[in-house]
Amino acid sequence: MDPVFIGELLSGLMFFGIIGFLLFGFPVAFTLSGVSLLFGLAGMWFGVFDPSNFGSLANRYIGYMTNEVLVAVPLFIFMGVMLERSKIAEQLLLTMGKLFGNMRGGLGMSVIVVGALLAASTGVVGATVVTMGLISLPAMLRANYDPKLATGVICASGTLGQIIPPSTVLIFMGDMLSGINAQVQMSKGNFAPVPVSVGDLFAGAILPGLLLVGLYMAWTIFKAIADPKSCPATPVPPEERAHLGREVMTALVPPLLLILAVLGSILGGIATPTEAASVGAVGALVLAGLRWRLSFAILRETAIATASITCMVFIILFGAAVFSIVFRLMGGDNLVHEFLSNLPGGTLAAVAVVMFIMFLLGFILDTFEIIFIVIPITAPILLALDVDPVWLGILVGVNLQTSFLTPPFGFALFYLRGVAPPNVSTAMIYKGVLPFVVLQMVAIAIMFAFPEIATWLPRAIYS
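This section reports on the structure supplied with the text. (Residues numbered from 1 in each chain as written. Predicted model: local features only at pLDDT ≥ 70, side-chain atom pairs only at ≥ 80, totals over all residues. Heavy atoms only, no water.)

1. Things to note about the overall build of the chain
Helix and strand content of the chain: 21 helices and 0 strands. The C-alpha radius of gyration of the chain comes to 23 Å, within 12% of the 23 Å expected for a compact globule of 463 residues. In terms of overall dimensions, the chain has C-alpha extents of about 80 × 45 × 45 Å along its principal axes. Considering the chain as a whole, with its 463 residues, one finds that 54% of them fall into the buried category. Nonlocal contacts in the chain, meaning residues at least 24 apart in sequence, comprise 83% of its contacts between residues at least 6 apart. (Helix = DSSP H or I, 4+ residues; strand = E, 2+ residues; numbered from the N terminus. Rg over C-alpha atoms; globule rule 2.2 N^0.38 Å. Buried < 20%, exposed > 50% of the residue type's maximum accessible area, 1.4 Å probe, protein only. Contact = heavy atoms within 4.5 Å.)

As structure tokens, this is what we get:
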């Protein structure tokens, strides 16, 4: 039997085998590495895989651990967790609720605004959803909001941290796309390619992030007009409005200063993402201290949470490295290349198919799991078809934001379910997020029609 056919067959079976094991509830990192090793042994038996290829794993792991760009990941996570402990999110939610309270749908609008601000200053989805669920959901239910609209707004706004920088997903994607793009361009004879950086993705994500915020707010306004009973106004007493201006300034200034320090230094070319993340981490400590929320206990909790999240992400990355080696060297990349290259419709059809596959994987896998599996397989083919790497990275980021919202394994749904009162059922939460999943698909369609939404700002800043 043809060895090429056997290798490609084993590669395809390995991919679906991993999905199958994950559906049975096995841990992702160990499933990726364990199943890949089993299929690597099968490849050895059939003579289509050389086990000496595993020798490159040590260099890969050392490369991950010494990669200066990836050092920004634990720093941004630390910043987000510390800001959550310092109650900045709580103050923002309460103040914005008062500011928009006199409008129908005002509480929903305030949650969206706060979600965007927290995304730009923390980027930690779990902490954002839980905080807004604990503070805003009871207030919205007391105001007779439709539970489906309330839960949908909270979950969707909490996931904005996946696309609005500083996003840890964009950091990993920027690092991966940078190396893949350089290899692809060199294979095409371009030995001085225009580099792709995390800063490019951060700049490219700003307008799409604002697009999503605009779509969420437009849906809330539509509900306020079409179904006023679903989101009534919550008038603020005159005595509370008397000092509202000062409250707004007190609540807004700290996160805005942090956003300016972190994102401004990156986009302005003053600091690298890692250096800016260090500034953000120190800034979060300073803000916690100014609010008298900095103590050894809080610092210890923050450090433990940071270590746990970082270890989870990197162990998945290590498992994905085993999968990538076995899949590629048994001919899986050739199989994917032939499939995408021969699609009717050309390059856009190939990108659309990859986006659709990622969307489906979002129902059963986490964001990091998907990018570590799919990006190394599909990005080289798509970039070889002259797809803009920044546009591709932002498309993937917006697409994978839906993985937090799609049942049965949408993590934002789990986070909110854990803090929602008993009278809010899981079915209500699932139904509530569906319009926002559709809105994210609309955003992707708009970005397909107008790629400049993702590519204009990076070119304007860095060219």
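2. Considerations on the packing of helix H9 (residues 168–187) against helix H17 (residues 367–384)
Across the interface, H9 lies against H17 with an axial gap of 10 Å and an inter-helix angle of 25 degrees. Taken as axis vectors, H9 and H17 run roughly parallel relative to one another. In this structure, H9 crosses over H17, and the sense of that crossing is right-handed. Judged by residue contacts, Thr-168, Val-169, Phe-172, Met-173, Met-176, Leu-177, Ile-180, Asn-181 and Val-184 of H9 engage Thr-367, Phe-368, Ile-371, Phe-372, Ile-375, Pro-376, Ala-379, Pro-380, Leu-383 and Ala-384 from H17. A breakdown of the residues in the contact of H9 with H17 according to their chemical character gives 16 nonpolar, 3 polar and no charged. (Axes fitted to C-alpha atoms, helices over the stretch in contact; angles between N-to-C directions. Parallel < 35°, antiparallel > 145°, perpendicular 65-115°, else oblique. Left-handed = near helix turned anticlockwise from the far one by under 90°. Nonpolar A, V, L, I, M, F, W, Y, C, P; charged D, E, K, R; others polar.)

3. Notes on the environment of Met-96
Looking at where Met-96 falls in the secondary structure, it is placed in helix H5 (residues 88–100). Residues Met-96 and Val-248, 152 residues apart in the sequence, show an inter-C-alpha distance of 7.3 Å. If we ignore the near neighbours within four places in the chain, the residues touching Met-96 are Ser-110, Val-113, Val-114, Val-248 and Leu-252.

4. Points about unusual backbone geometry
Here Pro-165 and Pro-166 are connected by a cis peptide whose omega angle stands at 5 degrees. Among the structural elements, Pro-166 can be located in the loop between helix H8 (147–158) and H9. Despite not being glycine, Asn-144 shows a phi value in the positive range, around 65 degrees. Tracing the backbone shows Asn-144 in the loop between helix H7 (125–142) and H8. Residue Asn-144 is classed as exposed on the basis of its relative accessible area of 59%. In this model, Asp-386 sits at a positive phi of 70 degrees, which is unusual for a non-glycine residue. Of note, Asp-386 is situated in the loop between H17 and helix H18 (389–401).

5. A few points about the packing of helix H16 (residues 346–361) against H17
Look at H16 against H17: their axes get within 11 Å of each other, and the N-to-C directions meet at 175 degrees. By the angle between their axes, H16 is roughly antiparallel relative to H17. Counted together, Ala-350, Val-351, Val-354, Met-358 and Leu-361 of H16 and Ile-370, Val-374, Ile-375, Thr-378 and Leu-382 of H17 form the full contact between these two elements.

6. Comments concerning the side chain of Lys-223
Tracing the sequence through the fold places Lys-223 in helix H10 (residues 198–226). Those residues in contact with Lys-223 that sit more than four places away from it in its chain are Leu-149, Pro-228, Ser-230 and Cys-231.

7. Describing the side chain of Ser-167
Among the secondary structure elements, Ser-167 is positioned in the loop between H8 and H9. At 2.8 Å, the side chain of Ser-167 and the backbone oxygen of Gln-162 are in polar contact. Engagement of the side chain of Ser-167 in a polar contact is seen with the backbone nitrogen of Val-169, the distance being 3.3 Å. Ignoring anything within four residues of it in the chain, the contact list for Ser-167 reads Gly-161, Gln-162 and Phe-202. (Polar contact = N/O pair within 3.5 Å; in protein donor to acceptor, adjacent residues only side chain to side chain.)

8. Observations regarding the pattern of salt bridges
A side chain with one charge may pair with a side chain of the opposite charge, provided their charged atoms come close. Across all of its chains, the model carries 3 salt bridges by this definition. Linking Lys-148 and Asp-146 is a salt bridge whose minimum nitrogen-to-oxygen distance equals 3.5 Å. (Salt bridge = Lys/Arg side-chain N within 4 Å of Asp/Glu carboxyl O.)

9. Considerations on helix H2 (residues 28–46)
If you check H2, its first and last C-alpha atoms are 27 Å apart, about what 19 residues at 1.5 Å a residue would give, namely 27 Å. Listing the buried residues of H2 in full gives Val-28, Ala-29, Thr-31, Leu-32, Ser-33, Val-35, Ser-36, Phe-39, Gly-40 and Gly-43. Buried positions along H2 lie against helix H1 (3–23), helix H14 (296–329) and H17. One or two steps after H2, the chain reaches Gly-47, where phi turns positive at roughly 75 degrees. (Expected span 1.5 Å × (residues − 1).)

10. Here's the deal with the packing of aromatic side chains
Within this structure, the stated rule accounts for 12 aromatic pairs. Here the aromatic rings of Tyr-61 and Phe-318 are separated by 4.5 Å at their centres, their planes lie at 40 degrees, and the arrangement is tilted. Taken together, the positions of Tyr-61 in helix H3 (residues 56–66) and Phe-318 in helix H14 put the pair 257 residues apart, joining distant regions of the chain. (Phe/Tyr/Trp six-rings, centres within 6.5 Å; stacked < 30°, edge-to-face > 60°.)

11. Observations regarding the environment of Cys-311
Residue placement: Cys-311 occurs in helix H14. Residues Cys-311 and Pro-74, spaced 237 residues apart in sequence, show a C-alpha to C-alpha distance of 9.2 Å.

12. Considerations on the environment of Lys-431
Mapped onto the elements of the fold, Lys-431 is located in helix H20 (residues 426–449). The exposure class of Lys-431 is exposed, given its relative accessible area of 53%.

13. Re the state of the cysteines
Overall, the coordinates contain 0 disulfides when judged by the stated rule. The thiol of Cys-231 is not disulfide-bonded; the next cysteine sulfur, from Cys-155, is found 17 Å away. (Disulfide = S-S within 2.5 Å.)

14. Considerations on a nonpolar patch on the surface
On the surface, Met-249, Val-253, Leu-257 and Leu-260 cluster together into a nonpolar patch covering about 390 Å² of accessible area. Inspection of the secondary structure assignment puts Leu-260 in helix H12 (residues 244–267). (Patch = residues over 30% accessible without salt bridge, like charges linked within 9 Å, V, L, I, M, F, W, Y side chains within 5 Å. Areas by Shrake-Rupley, 256 points an atom, 1.4 Å probe, with all protein chains shown as cover.)

Keep in mind these numbers describe shape, not what the thing actually does.
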